[in-house]
Each structure stands twice: as structure tokens, then as C-alpha cells.
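# Architecture and fold: a report
Okay, here's what each chain looks like letter by letter:
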Amino acid sequence: MKKEKKQIVLNGSLLRPLSVGRGAILHAGGNIYHTSRVVAILEESEDCVRFETQNSHYYLSMSPFPLAAVSPLPVRLAACA
């Protein structure tokens, strides 16, 4: 009998773009989460992403900063003087 994957719903942001074969890194609720390897990206939009890992199905609502999370360009922090 095949075990059903856990459903995880979070409100937060991706700390790097999703990539099949790599674990996702998420920031939600003041915590940083490292997932098992992503096996499928099911949906990507400006305000949410759905993906499947080896162990779970994730739904991540990315408000209020959605565009930074789905950007394929590297993001660098600027120093404030």
C-alpha cells in the first residue's frame, strides 16, 4: 500500500528559485524550512507556488513579496550606509 504524501500549506517566500532535483528553501512564520528534493513544480504564479517533494505536497502563498521569490535572477542585498 502506497503512503499518501503530507499536504503542507504555508504563507511565506522562497529563498531561492525552485529547481527540480534540489531541495526548496522557504521562509514562513519566522522560520526557515529546507525540504527534501523537489520532484515536480505543479504551479508557479506571482502570488503562489505549488510543488511536490519526495515526501510532501507544498502550497506556498507568497504575499506580500511574490516577485522576488519567483525571479530567476540572483538577488543581492545592498549595504545601507
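One can find the structure itself at the top, above this paragraph.
These lines cover the structure that appears in this document, whether it is placed above or below.

Conventions and cut-offs
Residues numbered from 1 in each chain as written. Predicted model: local features only at pLDDT ≥ 70, side-chain atom pairs only at ≥ 80, totals over all residues. Heavy atoms only, no water. Helix = DSSP H or I, 4+ residues; strand = E, 2+ residues; numbered from the N terminus. Buried < 20%, exposed > 50% of the residue type's maximum accessible area, 1.4 Å probe, protein only. Contact = heavy atoms within 4.5 Å. Areas by Shrake-Rupley, 256 points an atom, 1.4 Å probe, with all protein chains shown as cover. Salt bridge = Lys/Arg side-chain N within 4 Å of Asp/Glu carboxyl O.

Right, let's get into the overall build of the chain. A tally of helices and strands in the chain yields 1 helix and 5 strands. Listing every helix and strand of the chain by position from the N terminus yields β-β-β-β-β-α. Across the 81 residues that make up the chain, the buried fraction comes to 32%. When contacts within the chain are restricted to residue pairs at least 6 apart in sequence, long-range pairs at least 24 apart make up 31% of them. Of the roughly 6,000 Å² of accessible surface on the chain, 55% is carried by carbon and sulfur atoms.

What follows is about the pattern of salt bridges. Pairing between side chains of opposite charge can happen when the charged atoms of each approach one another. What the rule picks out here adds up to 2 salt bridges. In this structure, E52 and K5 form a salt bridge, with 2.6 Å as the shortest nitrogen-oxygen distance. Taken together, the positions of E52 in strand β4 (residues 48-53) and K5 in the segment before β1 (6-14) put the pair 47 residues apart, joining distant regions of the chain. You can call E52 buried: its relative accessible area is 19%. The partner of R50 in a salt bridge is E43, and the shortest N-O contact between them spans 3.0 Å. Overall, E43 belongs to the partly exposed group, its relative accessible area being 32%.

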